[in-house]
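# Summary of structural features
Chain by chain, the residues:
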Amino acid sequence: MPERRVSPVAVSQTSTLVTKTGSWKYIRPLYQDRVAPCNAGCPVGIDIEGYMSLLREGRWDEARDLLLLENPLPATTGRVCHHPCETSCNRRQFDEPVSIHAVERMLGDYALEHPPSLTRAAERSEEVGIVGSGPAGLACAYHLARLGYGVTVFDAAPEPGGMLRLGIPEYRLPRRLLDGEIERIRALGVSFQCGVRIGQDVPWRSFLGLFDAVFVSTGAHLGKDLGLQKENVAGVRAGLAFLKAVNRGERPELGRRVVVVGGGNTAIDCARTAMRLGAETVVLYRRTSAEMPAIPDEIEEAEREGVQLVFLAAPVAFHAEDGRLRAVECVRMRLGDADASGRRRPIPVPDDRFTIEVDTVLSAIGENADLAGLPPELAVQESGVAADALGTTSRAGVFAGGDVTNAARTVADALGAGKRAAVGIDRYLRRLSDDGPNGTGLPALRFGNGNISMARWRDADPVHRINALNELVEFDDLNTSHFRRVRRRRDDRLSLAESRGGFAEVNLGLDHEDAVSEALRCFNCGVCNHCDLCLIFCPDVAISRRANGGGYDIALEYCKGCGVCAEECPRGALTLTREGL
Amino acid sequence: MKKVIIGNHAVSWGARLARAEVISAYPITPQTQVVEELSEMCADGRLDARFLKVESEHSAMAACIGASATGARAFTATSSHGLALMHEMLHWAAGGRHPIVMANINRALGPGWNIWTDQTDSLSQRDTGWVQLYCETNQEVLDTTIMAFRLAETVDLPVMIVLDAFYLSHTAEPVDIPDQDAVDAFLPRRQARFKLDVSDPHAFGALVRPDSYMEMRLQLQEAMERTRDVFDRVEVEWQQRFGRRYGAVEAYRADDAELLLVTSGTITSTARFVVDRRRERNEAVGLVKVKMFRPFPVERLRALLGGARQVAVLDRNLSPGRGGIFSEETRAALYDLPEETRPAIHGYVVGLGGRDVTPTVLDEIIDRTRASAVPEREDVWVGVNP
């Protein structure tokens, strides 16, 4: 047979590299990290996705350091935070949200067992005074110390911690952990002066003169009155005062039956504490369980421990005998239209009344800030100090945050306010314009529309982010076909008998292995974690790994703009844009 | 080892013993059990192959082509509408000379929607450049699947093995399953003649201008022509090792027959029974089974059918506007015979959409054929309700 000139199959003379198919495209992929909804949903402003990603790679110390960059009290918040991050977790729409609080708790405990050597920025000469050592004050002190400032924290109580120590029961937050986390702040160089009430022991005028800036975070400690007659009869007590007494080690006499009035965390804390002191306990709430502001897990625990919840009822009169409370008369409520808070307004049903025999009533319907004890000439708005996002008040050099302002009254919100105020004070003392040190405005410092990132403020994000775009990744942006359904791990709990018998911690969190499993459930929304799917699916082999694990390069001269990479990216780190835009 | 297995699992066993390396498939009734079994074989490690679930038959064949281009042994299976959806890729496989093996379970095309057997799906793909081998029994299915790889990789052409829906696909028969070692000796690892090589990068499937296209097509045609002889050699070796062969065309009691039935697929088994009965009555009736449809065994058919007085071709298929496809092909193949040896070709369309072709139907065909020296018409439809 003569030698054939033509190959039996169509084979190119050279490789396809000569064919620059990129000129065909009219859309192009954008390889840009975006913002996970947990980060945006965290009032503290923690890079949750970031530490989940580091844990996925087993980089424990870096995960711990990233967490501590934004949150000074992770072992605390891992236990007591209402974790709105889990509400915003995209995984909620797939199976169940990642148990973020349990992972944070594990990492917070890890940080106490394996203390990092926390760094301070270049030392600054300015001194900042902080009044109030609750979560807002502690956060502000911590971040300012890390920014290089001299910081002194003052508190009227004998020990620092504010509401964390005074209000939250030991069974939710063991004090050795709080002590450990405060010790870490002290080790950064922060001084604590406890047992000093500024404005009383030291006049505000002279106090303000001692510091270059002051942060007021005195909290809200004045229990609201129920507004009923005989409220001062023996047996009617303020719930918060009761909690403080127990937290000091006292064991107040409550009698056999206790009624707690209210639906917030203070009410649930009072009920569970009273139950531990041997009382039969009823919580009276004027709305339904759906409107109850307390953390759902806490409500569930209270019921498990035997606390009785009575909804749609409010006290209208106390009946006393011999100067001692005997019964509380209640009226049934019904829900009307939504009020300003968005919740349906409770309306009394006039003739529907009932009476509960009771020895002690604990009122826990909220607390007010003590505005009388504030620095003079400080503008007040509604029931708190007027302060902007960075804590700036009407007085130059005086900043405020936490419960003393009109912010949401949670530990997380207080920690977030303390952080923002630290940025505000840093900006004030360095006389920076609104644009900040890295040329970005306040919105650019935020995780999406959430709290600000200290990493961004310091322009020192330890997590590699690719062309980060400050845009939230929603569930519909994910390709969940690449994920498996995996059950969320439930926190371990103390047995009922042990729970009710004392003040030992009830929620035991997750064991190490389960907590890591939870971290692995994280979708890493919006952030490339080098899963290689784009590279595998690209029909033009136009995607290649960068050296040193720094993500991918897209050879745009070959990318035809088919969009498959963006379609396949499980986490929305690849999006498409029209060519030329 | 003998096992009682359905035809679909005979295909799976064949692909497993052939050590297919990439299996890419999309399920369709009545093919599903083929890939279901293979996926389990892959999952539990009995077969070391990459199993690709894809979103369509078009993609299934595209993935096989990609795998084959890297030198891997690729396999898939489909049926009816799935095969129709593959059509473009079937041309790619053949034109790219990819020795892919595919099982097609013959099923009618809709509408009317019908899952039962009918050869029109595979015969519609006759011009794509695929070798087509039709099977009569589950043993033949298994043997042909393994032989198909050897054949495909020898001539660099894709091979389609074809079996009837339900009559084979879902019917269990005893099947002798060869030892893996023996199959390995018969079918060594693929040595690809053309494959992608990252150390010498080239692309397949680029533009071919009019100055080269015909030469490439000619080579495809020559490969098809070579396939007839290569298949015989493959079968001879199979017989030496395993004791069975089928033939591209098989003559059954055809000697000195005046009337020869031409069949394919499972109708052949029924026809054997009817022929036996007629021979008991000393009627000169015989049978020719066509296993290989592409390349069409022209010379073999001329030799076997030439000299008979009458030939009745049974078609469980239809080319609308023309008629039964086997009869059309047979007529064309025999046209060049001298007039004195050229038999009259009677075409019968039967059993479309899975209708039973019973001994009664075959008896009617034999009787009607013998009753008319010249065909009543080109295609007579038998077993059609008024």
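Owing to the predicted nature of the structure, the values given are computational and were not obtained by experimental measurement. (Residues numbered from 1 in each chain as written. Chains lettered and ligands numbered in written order. Predicted model: local features only at pLDDT ≥ 70, side-chain atom pairs only at ≥ 80, totals over all residues.)

## So, the overall build of chain B
Helix and strand content of chain B: 13 helices and 15 strands. Relative to the globule expectation of 21 Å for 386 residues, the C-alpha radius of gyration of chain B, 21 Å, shows essentially globular dimensions. Summarising its shape, the C-alpha atoms of chain B cover approximately 70 × 50 × 45 Å along the three principal directions. Going through the 386 residues of chain B one by one, you find that 51% of them count as buried. Put simply, 80% of the contacts in chain B that link residues at least 6 apart link residues at least 24 apart. (Helix = DSSP H or I, 4+ residues; strand = E, 2+ residues; numbered from the N terminus. Rg over C-alpha atoms; globule rule 2.2 N^0.38 Å. Buried ≥ 20, exposed ≤ 12 C-beta atoms within 10 Å, placed from the backbone. Contact = placed C-beta atoms within 7 Å.)

## A look at the overall build of chain A
A tally of regular secondary structure across chain A gives 20 helices and 23 strands. Taken along its principal axes, the extent of the C-alpha atoms in chain A is 125 × 55 × 45 Å. Partitioning the intrachain contacts of chain A with sequence separation of at least 6 by distance along the chain shows that 72% fall at a separation of at least 24.

## Quick look at the environment of Ser264 of chain B
Residue and element names in this part refer to chain B. By the secondary structure assignment, Ser264 is in the loop between β10 (259-263) and α10 (267-280). Along the backbone, Ser264 and Asn138 are 126 residues apart, and their C-alpha atoms lie at a distance of 14 Å. Among residues more than four places away in sequence, those in contact with Ser264 are Tyr134, Lys289, Val290 and Phe326.

## Section: the domain arrangement of chain A
When the parts come together, some accessible area is lost, and that loss is often what is quoted as the size of the interface. All names here are of chain A. As far as domains go, chain A holds domain 1 (16-32 + 528-578), domain 2 (37-116 + 467-521), domain 3 (127-221 + 369-431) and domain 4 (225-365). Taking the mean C-alpha position of each, domain 2 and domain 3 sit 26 Å from one another. With 20 residues of domain 2 in contact, the opposing surface of domain 3 contributes 25 residues. Tallying contributions element by element places helix α4 (residues 74-80) first for the side of domain 2 that touches domain 3, with 5 residues. (Domains from an automatic or database assignment.)

## Focus on the domain arrangement of chain B
Residues and elements named next belong to chain B. The domain boundaries assigned to chain B delineate domain 1 (2-242) and domain 2 (249-381). Between the C-alpha centres of domain 1 and domain 2 the distance comes to 28 Å. Listed per partner, the contact involves 26 residues of domain 1 and 20 residues of domain 2. Put simply, the parts of the chain that give the side of domain 1 that touches domain 2 at least two residues each are α6 (120-123), β6 (131-134) and α9 (210-242).

## Quick notes on the nonpolar core
Counting 114 residues, the largest nonpolar core has Ala141, Leu144 and Phe215 of chain A as its most contacted members. Sorting elements by how many residues they give to this core places helix α14 (residues 411-429) of chain A first, with 10 residues. Not counting the four nearest positions on each side in its chain, Ala141 of chain A is found in contact with Ile130, Val151, Val153, Ile185 and Val190 of chain A. Listed in part, the 113 residues of the second largest apolar core include Ala74, Leu90, Met160 and Val350 of chain B. (Core = buried A, V, L, I, M, F, W, Y, C linked by C-beta atoms within 7 Å.)

## Quick notes on the interface of chain A and chain B
Taken together, the contact between chain A and chain B spans 8 residues of the former and 14 residues of the latter. The residue makeup of the side of chain A that touches chain B, split by class, is 5 nonpolar, 3 polar and no charged. (Nonpolar A, V, L, I, M, F, W, Y, C, P; charged D, E, K, R; others polar.)

## Quick look at the environment of Asp532 of chain A
Mapped onto the elements of the fold, Asp532 of chain A is located in the loop between α18 (512-521) and α19 (533-537). When the C-alpha atoms of Asp532 of chain A and Cys522 of chain A are compared, they prove to be 17 Å apart, with 10 residues separating the residues in sequence.

## Considering helix α3 (residues 57-69) of chain B
Residues spaced three or four apart along an α-helix face the same direction, because each turn holds 3.6 residues. All names here are of chain B. Helix length check: α3, at 13 residues, gives a terminal C-alpha distance of 18 Å against a target of 18 Å (1.5 Å per residue), a fit within 8%. Taken as a whole, α3 has its buried residues at Glu57, Ala60, Met61, Ala63, Cys64, Ile65, Ala67 and Ser68. Those residues of α3 hidden inside the fold are in contact with β2 (22-25), β3 (50-53), β4 (74-79), α4 (80-85) and α5 (87-95). Once α3 finishes, Gly71 follows within two positions and takes phi at roughly 100 degrees, a positive value. (Expected span 1.5 Å × (residues − 1).)

## Considering helix α1 (residues 7-17) of chain B
In terms of burial, α1 of chain B is a largely internal element, 11 of the 11 residues being buried. For α1 of chain B, every residue scored as buried is listed here: Gly7, Asn8, His9, Ala10, Val11, Ser12, Trp13, Gly14, Ala15, Arg16 and Leu17 of chain B.

## Focus on the pairing of strand β2 (residues 127-131) of chain A
Residue and element names in this part refer to chain A. Buried residues dominate β2, accounting for 4 of its 5 residues. Here β2 runs beside strand β3 (residues 150-155); their pairing, made up of 5 bridges, is parallel. Looking at the pairing, Glu127 lines up with Gly150 of β3. Where β2 lies against strand β5 (residues 213-216), 4 bridges are found, and the strand directions are parallel. Bridged to Ile130 within β5 is Phe215. (Pairing = 2+ DSSP bridges.)

## Focus on the sheet that holds strand β13 (residues 344-357) of chain A
Residues and elements named next belong to chain A. Pairing is antiparallel across the open sheet formed by 3 strands, whose spatial order is β11-β12-β13. Every interior strand has two partners, whereas the edge strands, β11 (313-321) and β13, have only one. In this sheet, neighbouring strand axes are inclined to one another by 20 degrees on average, regardless of whether the strands run parallel or antiparallel. Sheet topology places strand β12 (residues 324-338) next to β13; 9 bridges connect them, and they run antiparallel. The residue bridging Cys330 from the neighbouring strand is Phe354, located in β13. (Axes fitted to C-alpha atoms, helices over the stretch in contact; angles between N-to-C directions.)

## Remarks on the confidence of the model for chain B
Model confidence for chain B is summarised by a mean pLDDT of 96, while 100% of its residues fall at 70 or above. For this predicted complex, the interface confidence comes out at an ipTM of 0.76, alongside a pTM of 0.76. (pLDDT = per-residue confidence, 0-100.)

## Focus on the sheet that holds strand β14 (residues 360-363) of chain A
All names here are of chain A. Spatial strand order, β7-β14-β8-β9-β10: 5 strands in an open sheet with parallel pairing. The open sheet has two free edges, formed respectively by β7 (236-238) and β10 (308-310), since each of these has just one partner strand. Strand-to-strand, the axes of this sheet are offset by a mean angle of 25 degrees, without reference to chain direction. Two strands pair when backbone bridges link them, and strand β8 (residues 257-261) and strand β9 (residues 280-284) are joined in this way by 5 bridges, in the parallel orientation. Note that in β9 the partner of Val259 across the bridge is Val282. Contacting β7, β8 and β14, helix α11 (residues 239-247) crosses the sheet at an angle of about 75 degrees to β7.

## Points about the packing of α3 of chain B against α5 of chain B
Residues and elements named next belong to chain B. Where α3 meets α5, the closest approach of the two axes is 8 Å, and the angle between their N-to-C directions is 15 degrees. Judged on the interaxial angle alone, α5 and α3 are roughly parallel. Note that α3 runs across α5; the crossing there is left-handed. Contact with α3, carried on its side by His58, Met61, Ala62 and Ile65, involves Glu88, Met89, Leu90, Trp92 and Ala93 of α5 and no other residues of that element. (Parallel < 35°, antiparallel > 145°, perpendicular 65-115°, else oblique. Left-handed = near helix turned anticlockwise from the far one by under 90°.)

## Regarding the packing of helix α3 (residues 60-70) of chain A against helix α6 (residues 100-113) of chain A
Two quantities define a packed helix pair, namely the angle between the axes and the distance from one axis to the other. Residue and element names in this part refer to chain A. Packing of α3 against α6 leaves a shortest axis separation of 10 Å and a crossing angle of 100 degrees. Taken together, the axes of α3 and α6 are roughly perpendicular relative to one another. For the pair α3 and α6, contact is made by Trp60, Ala63, Arg64, Leu67 and Leu68 and by Glu104, Leu107, Tyr110 and Ala111, respectively. Residue composition of the contact of α3 with α6, grouped by class: 7 nonpolar, no polar and 2 charged.

## Here's the deal with unusual backbone geometry
Residues and elements named next belong to chain B. Residue Gly112 is reached from Pro111 by a cis peptide bond, and omega for that bond is -5 degrees. For Gly112, the position within the fold is in the loop between β5 (101-106) and α6. At the junction of Arg294 and Pro295, the peptide bond is cis and its omega measures out at -5 degrees in the coordinates. Positive phi outside glycine occurs at Phe166, with the angle close to 65 degrees.

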